[in-house]
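Structure assessment
Listed below are the residues making up each chain.
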Amino acid sequence: MMSPLHVVQLTDMHLFADERRQLLGLPTQESFQTIVRQVAQLQPQPDLLLLTGDLSQDGKPESYALLQSMLAPLGIPTYWLPGNHDRLPEMEQVLTKGLMSAQKSFRAGGWHFLLLNSQVTGCVHGHLSATSLEWLDEQLETVGAVPTLIGLHHPPFVVGSDWLDSSTLRNPEALFAVLDRHPQVKLVLFGHIHQDYSQARHGVQYLGTPSTCIQFEPGSADFALDEEKPGFRILHLYDDADWWTTVKRSSYVPQLDLAATGY
Ligand SMILES: Nc1ncnc2c1ncn2[C@@H]1O[C@@H]2COP(=O)(O)O[C@H]2[C@H]1O
């Protein structure tokens, strides 16, 4: 079998303009730097990086410039989409230089990639607009029989955690209706839930990925941090639509405010 395309998903970095700032006790820049070092040591090196939202906690241009400067030494083409904490104008202003691309529909290896914006300004939950859904449908029509990966920030499923389940994608059925018309879609990747998650539906695998900073405790009804390490996802995508994935955890030991009830 031909060599697959190697993809790394990095999500929910929650970087601040001020690199020393912490999220519930964890300095998000330091935690992300440990992950970037781990990615630099991967063999083979990833062919591309996918950043699936909440790249910044404060949405400031400096936080995106920090992200850009941390990833630049890797020399890997990088694509991104916004999460609920991000500010799209600032992202479009900063994350378009060098190997950082704002493209939302592109081909790499034998796969096609489509990245969606599920952000609702001022809200924590997600929603896909009629315009986004129409764009997705048209793109999938044009792409045809090429194995396709979709990215968005919010999970189109509840994950069994009451507090998080109030902020998942509000219109998953509208997304499923489009995907059901296009059997070339094989994978849907998201972030937001700060935990490893996998769910199959109609021949599509839906994968949630740990944050590069704090982790949420799976199954907790109320907000609760998990002592699990920061992480990221590796995907190997084969031309014949086969794929393989694994989650890697960092060696970083977070100093967490475990009594926190939110942020
Ligand atoms: N105690 C809480 N209850 C509900 N939502 C919360 C709580 N604490 C934080 N949040 C929000 O829920 C979001 C889930 O992941 P985010 O990283 O998007 O950021 C989180 C906050 O915006």
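All values derive from a computational prediction rather than experimental measurement.

What follows deals with the sheet that holds strand β7 (residues 105-108). Taking strand neighbours across the sheet as the criterion, the 6 strands line up as β7-β8-β9-β10-β12-β11 in an open arrangement whose pairing is mixed. Strands at the two margins of the open sheet, each flanked by one partner only, are β7 and β11 (197-201). Averaged over neighbouring strand pairs, the angle between their axes works out to 20° when direction is ignored. With 4 bridges connecting them, strand β10 (residues 185-190) and strand β12 (residues 204-208) associate as parallel partners. Note that in β12 the partner of Leu187 across the bridge is Gln205. Strands in contact with helix α4 (residues 130-143) are β7, β8 (111-115), β9 (148-151) and β10; relative to β8, the strand with the most contacts, it is inclined by about 170°.

Let us now look at the environment of Ala65. Its location among the elements puts Ala65 in helix α2 (residues 61-71). Note on Ala65: 17 C-beta atoms within 10 Å, which makes it partly exposed. Note: C-alpha distance between Ala65 and Leu95 (30 residues apart in sequence) is 7.6 Å.

Okay, the confidence of the model for the chain next. On average, residues of the chain score 97 in pLDDT, and 100% of them reach the 70 mark or higher. Taken over the whole predicted complex, pTM reads 0.98, whereas the ipTM for its chain interfaces reads 0.96.

Our next topic: the UniProt feature "domain: Calcineurin-like phosphoesterase" (unreviewed entry) in the chain. UniProt records the feature "domain: Calcineurin-like phosphoesterase" (unreviewed entry) at residues 6-195, using the numbering of this structure. Taken as a whole, residues 6-195 contains 31% helix and 21% strand, while its terminal C-alpha atoms sit 21 Å from one another.

Another point: the site of the ligand. Taken together, Asp12, Asp54, Asn84, His85, Val124, Trp163, Ser167, His192, Phe223, Thr261, Gly262 and Tyr263 are the residues near the ligand. Taken together, the residues of the shell around the ligand sort by class into 4 nonpolar, 6 polar and 2 charged.

Across the sheet, 6 strands lie side by side as β6-β5-β4-β1-β15-β16; this open sheet has mixed pairing. Of all the strands in the sheet, just β6 (100-101) and β16 (243-249) have a single pairing partner and so form its edges. Judged from the 5 bridges that link them, strand β1 (residues 5-10) and strand β15 (residues 231-237) form a sheet pairing that is antiparallel. What sits directly across from Gln9, in β15, is Arg233.

The contact between helix α1 (residues 28-40) and α2 brings their axes to 10 Å, and the two run at 25°. With respect to each other, α1 and α2 are oriented roughly parallel. Remark: the crossing between α1 and α2 carries right-handed chirality. Two secondary-structure elements touch here, α1 through Gln29, Phe32, Gln33 and Val36 and α2 through Leu66, Met70 and Leu71. Of the residues that constitute the contact of α1 with α2, the class distribution is 5 nonpolar, 2 polar and no charged.

Quick look at α4 now. Under the 1.5 Å per step criterion, the end-to-end length of α4 is 20 Å for 14 residues, consistent within 8% with the ideal 20 Å. Positioned one or two residues after α4, Gly144 has a phi angle of 70°, which is positive.

What follows deals with the pairing of β11. As paired elements, β11 and β12 share 5 bridges and run antiparallel to each other. Bridge pairing in β12 links Gln199 to Tyr206.

Take the pairing of β9 next. By the alternation rule, side chains of β9 split into Thr148 and Ile150 and Leu149 and Gly151, which are all buried. As a crossover connection, the stretch from β8 through α4 into β9 is right-handed. Relative to β10, β9 runs parallel, the two sharing 4 bridges. Counted as the bridge partner of Ile150 is Val188 from β10.

Moving on, we come to the environment of Leu24. Within the element layout of this structure, Leu24 appears in the loop between β2 (22-23) and β3 (26-27). With 20 C-beta atoms counted inside 10 Å, the residue Leu24 sits in the buried group. A sequence separation of 18 residues divides Leu24 from His6, and the C-alpha atoms of the two residues are 33 Å apart. Residues within four places of Leu24 in sequence aside, it is in contact with Ile214, Leu225, Leu256, Asp257, Ala260 and Tyr263.

Further remarks concern the environment of Glu227. On the secondary structure map, Glu227 appears in the loop between β14 (225-226) and β15. The class for Glu227 is exposed, based on 10 C-beta atoms found within 10 Å. Separated by 224 residues in the primary sequence, Glu227 and Ser3 place their C-alpha atoms 36 Å from one another.

Rules and cut-offs
Residues numbered from 1 in each chain as written. Predicted model: local features only at pLDDT ≥ 70, side-chain atom pairs only at ≥ 80, totals over all residues. Pairing = 2+ DSSP bridges. Helix = DSSP H or I, 4+ residues; strand = E, 2+ residues; numbered from the N terminus. Axes fitted to C-alpha atoms, helices over the stretch in contact; angles between N-to-C directions. Contact = placed C-beta atoms within 7 Å. Buried ≥ 20, exposed ≤ 12 C-beta atoms within 10 Å, placed from the backbone. pLDDT = per-residue confidence, 0-100. UniProt positions renumbered as here; feature names shortened; annotations may be inferred. Near = placed C-beta within 6 Å. Nonpolar A, V, L, I, M, F, W, Y, C, P; charged D, E, K, R; others polar. Parallel < 35°, antiparallel > 145°, perpendicular 65-115°, else oblique. Left-handed = near helix turned anticlockwise from the far one by under 90°. Expected span 1.5 Å × (residues − 1). Right-handed = clockwise from strand over helix to strand, strands pointing away.

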